[in-house]
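What follows is each chain in one-letter form.
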Amino acid sequence: MQGVVFVETLRRTWRQTLFWGLGLGALAALVVLMLPLFDAIDFAGILESMPPIMLQAIGIGDDMEFAVSPEGLIALGFFGKMALIFMVYPVVMGMRVTSNEEDDGTLDILLSQPIPRWRVMLEKFAAYLLTIFVLSLLILGGLWLGAGAVNIPLDPGRMAEASFNLLPTLTLVMVFTIFLGALFSRRQWVLALTTIFVVASFMLDSVGGLAKGSAAETLRLISFFNYYNPSGVMQYGLTWGNTVGMLAVSAALLAAALWLFQRRDVGT
Amino acid sequence: MANHNTPVIQTESLSKVYKAGKRTIQALSNLTLSVHRGEIFGYLGPNGAGKTTTIRLMLDLIRPTNGSATLLGMDAQKDSVELHRRIGFLPAELSLWKNLTGRQVIDYVARLRGGVDWQYVNELTERLQFDPTLRVRSYSSGNRRKLGLLLALMNKPELLILDEPTNGLDPLMQQIFNDMMREVRAEGRTVFLSSHILSEVQSICDRVGILGSGKLQAVETVATLRHADFRWVTLRLHEVANTQLLAGVPGVADLTADSSTLKLRLRGDFNPLLHALKDQYVVDIKTEEASLEEIFLSYYGNGSNANKTAEPLKERV
């Protein structure tokens, strides 16, 4: 029956999504609440005294003025530095699409019902995609509440863009996890390879940002974090090329996952 | 739609090879088997014989290396979704969503199947003495099995595929299960159940397929197998035992004596044995069911001695 898996997935997930969203939203609010402290400690002066390589290492480019602005601090301190924390959620949800159920054995019961395999995967994916959207909304809510509490004028449009900039990135990570789940029947393999993918991408992006003009900078192009770019989004708005590119890769990976899962043995 | 004479299950040279690194494991080899409408078919074999592999192939959870399976006149792989609507399935190792209650699991599966007759579900719940209000994680293995049976039965499927269905059920519940299966048969529906316990299969099945090392060794009626059935009997007498006591007693074979203990293989009724012992003081009688392997060795090896090495089992499909 259409939509049964979608509804059931949402029913079982809404609490966790709410907790994750409230947690990340609270973290966002906390970062905004701390913004006045940066003025108090003369953060701009501290940054000016740092050598350029150190500034690069902490993710601050050439635009010092943006870096010490509220938007810049939110982009760096929250969306940038917390990026790895955000990635935990789509990995957990991606594992739930097939890997966990296959490892637990519940997939046998599910797939022995009159529902095609592709629909099970697609409905679960759609449900978790919706929860990622809700997560972004709760983060945006946290930013808005924090800004209201300390009376800092933040551009609401930019805050929304920065929050929704998470969507293609988190979707890509979730779909990558789903793809591995369609490829391998062992949960440990899926978790290990996804972790390597996320951490290696983060490292490539970080090192590539430091070593301008080197091979590392070229390698950075294969890191999805390079296209996440929260500072760029906060300064200039969403880069549609990056957004569409990541969504296109996600769509291709999802299609491959559906194809693979439809054809392979389950539970072996 | 299958007509009345079409076998409900028909496999043709169904084979499955698993690859584990460089090793290949032939889990099922050229299985050709027919199961007819309205029969209870027992699929017997020791652990690792290929019973679960066969069932997983029928349900399209795994794909055959060779051959095909047709269920209810439809291809098990191509028409799997439509078939699943008409099949009730209970896996050997039943895993269910641990955080859901029994009722929530039933509701979820019912919605996936497009609805269910809740009055019938309640009847089954009552009959199986199952409490659906608890979470799956708190159920005993027997109660999980009951829930699995309920899920398999609740849509009154035309074909029930049950993998070791009575695992974990107490004797009373096994009896209820047997009654339910007989009712399913009486309604013209078909049951395919796997087991490694002959007596369990004997009590309800019409025919039995015997699987060993991934190959179908034989298909027999239960009545035929019953002739081959025997048990091991140990008698402890008050006096020193003598094999001459039971020489020539119908059904007695492989008789050995050790001090006051007699060991023998008994086929058929106890009465001739007890009659032969009427002048003896019998301290104790112990009986032990023969293993499936022993019965087949006895049957196919023309066995006067069940322990001897049997010739390769004859294929009687």
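Nothing here was measured: the structure is a model prediction, and the numbers come from that model.

1. A look at the overall build of chain B
Phase 1 of the analysis: A tally of regular secondary structure across chain B gives 10 helices and 14 strands.
Phase 2 of the analysis: For chain B, contacts bridging at least 24 residues in sequence account for 66% of all contacts bridging at least 6.
Phase 3 of the analysis: Summing over all exposed atoms, chain B offers an accessible surface of approximately 14,800 Å²; the carbon and sulfur share of this is 46%.

2. So, the interface of chain B and chain A
Phase 1 of the analysis: Across the boundary between the two partners, chain B contributes 25 residues, which contact 28 residues of chain A.
Phase 2 of the analysis: Buried surface at the junction of chain B and chain A, summed over both partners, amounts to about 2,500 Å²; 56% is from carbon and sulfur atoms.
Phase 3 of the analysis: Linking chain B to chain A there are three salt bridges.
Phase 4 of the analysis: Among the salt bridges present, the one from Lys-16 of chain B reaches Asp-265 of chain A, with a minimum N-O distance of 2.5 Å.
Phase 5 of the analysis: Taken together, the connections running from chain B to chain A amount to 15 residue pairs in polar contact (both at pLDDT 80 or more).
Phase 6 of the analysis: Listed by contribution, the elements that provide at least two residues to the side of chain B that touches chain A are β1 (9–20), α2 (80–86) and α3 (102–112) of chain B.

3. Notes on the nonpolar core
Phase 1 of the analysis: Formed by 154 residues in total, the largest nonpolar core has its most connected members in Ile-74, Phe-79 and Phe-86 of chain A together with Leu-71, Met-181 and Phe-192 of chain B.
Phase 2 of the analysis: When residues of this core are assigned to their parent elements, the largest contribution, 12 residues, is made by helix α12 (residues 166–183) of chain A.
Phase 3 of the analysis: Formed by 12 residues, the second largest nonpolar core is a distinct cluster that contains Val-233, Leu-235, Leu-237 and Leu-266 of chain B.

Thresholds applied
- Residues numbered from 1 in each chain as written.
- Chains lettered and ligands numbered in written order.
- Predicted model: local features only at pLDDT ≥ 70, side-chain atom pairs only at ≥ 80, totals over all residues.
- Heavy atoms only, no water.
- Helix = DSSP H or I, 4+ residues; strand = E, 2+ residues; numbered from the N terminus.
- Contact = heavy atoms within 4.5 Å.
- Areas by Shrake-Rupley, 256 points an atom, 1.4 Å probe, with all protein chains shown as cover.
- Buried area = accessible area lost by both parts, 1.4 Å probe.
- Salt bridge = Lys/Arg side-chain N within 4 Å of Asp/Glu carboxyl O.
- Polar contact = N/O pair within 3.5 Å; in protein donor to acceptor, adjacent residues only side chain to side chain.
- Core = buried A, V, L, I, M, F, W, Y, C linked by side-chain atoms within 4.5 Å.
- Buried < 20%, exposed > 50% of the residue type's maximum accessible area, 1.4 Å probe, protein only.

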